[in-house]
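# Summary of the model geometry
The lines below spell out each chain.
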Amino acid sequence: MYALPVLMLTQDAALWQHWQQLNSAQWLPARGQTLADLERWKQQGRHLVILDAALPQLPQWSDAQWAQRVGELKLVVLSARPSDEEGRQILAQGASGYAHAYSTPTTLSNILHSVATGNIWLGRSLLQRLLQDVDNRLPEPA
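Owing to the predicted nature of the structure, the values given are computational and were not obtained by experimental measurement.

### Considering helix α4 (residues 84-92)
Regarding α4, the residues found buried are Glu86, Gly87, Ile90 and Leu91. Buried residues of α4, seen end-on, are gathered within an arc of 125° and therefore sit on one face of the element. Where α4 is buried, its residues touch β4 (74-79), β5 (97-100) and α6 (124-137). Just past α4, the residue Gly94 takes up positive phi, approximately 105°.

### Notes on the pairing of strand β1 (residues 4-9)
Two elements, β1 and strand β2 (residues 27-32), share six bridges in a ladder whose sense is parallel. For Met8, the partnering residue across the bridge sits in β2 and is Arg31. Considered for its hand, the β-α-β crossover made up of β1, helix α1 (residues 13-19) and β2 is right-handed. As defined by bridge partners, β1 adjoins strand β3 (residues 48-52) across three bridges and the pair is classed as parallel. Bridge pairing in β3 links Leu9 to Leu51.

### A word on the environment of Ser83
Summarising the element assignment, Ser83 is placed in the loop between β4 and α4. Judged by relative accessible area, which is 32%, Ser83 ranks as partly exposed. At 3.1 Å, the side chain of Ser83 and the backbone nitrogen of Glu86 are in polar contact.

### Here we look at the sheet that holds β2
Paired through backbone hydrogen bonds, the strands of a sheet run either parallel or antiparallel to each other. Taken in spatial order, the five strands line up as β2-β1-β3-β4-β5 in an open sheet, and their pairing is parallel. If you trace the sheet from one side to the other, it starts and ends with β2 and β5, each paired once. Neighbouring strand axes in the sheet, compared pairwise and without regard to direction, differ in orientation by 25° on average. The pairing of β3 with β4 spans five bridges and is classified as parallel. Note on β4: the bridge partner recorded for Leu51 is Val77. Sheet contacts for helix α2 (residues 35-43): β1, β2 and β3; angle to β1, the most-contacted strand, approximately 160°. Strands in contact with α4 are β4 and β5; relative to β5, the strand with the most contacts, it is inclined by about 150°.

Reading the values: the criteria
Residues numbered from 1 in each chain as written. Predicted model: local features only at pLDDT ≥ 70, side-chain atom pairs only at ≥ 80, totals over all residues. Heavy atoms only, no water. Buried < 20%, exposed > 50% of the residue type's maximum accessible area, 1.4 Å probe, protein only. Helix = DSSP H or I, 4+ residues; strand = E, 2+ residues; numbered from the N terminus. Arc of directions from axis to C-beta. Contact = heavy atoms within 4.5 Å. Pairing = 2+ DSSP bridges. Right-handed = clockwise from strand over helix to strand, strands pointing away. Polar contact = N/O pair within 3.5 Å; in protein donor to acceptor, adjacent residues only side chain to side chain. Axes fitted to C-alpha atoms, helices over the stretch in contact; angles between N-to-C directions.

Take a look at the structure:
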């Protein structure tokens, strides 16, 4: 097994230090600080990305350009103040995961492994909210 490259987009030095605690046998972290770094990552044919939800100058999560920007990426958005509404918007734009920015290194590694293998990662309350939204939209049984 070889380490997978993962782009970590943040301008927060403390968050970058926290994210670097990932197991180096599994992950090769590369730091990015702008969405231009994200575009270069895509051009290099790489797909796994962690994005700090507090990165300056991010478009609104409801902005249609997100779906195009995400494309084939396996994007995990991490927020220091996660909310179900923000998570719903982010996942609706094609992100593969949403979690707390200061998740433990073990949890972060689990998130990355899950997303790298094609799964979606989200918290329990967000999953329950999404299922409730689906249930509310289904017609009543006859």
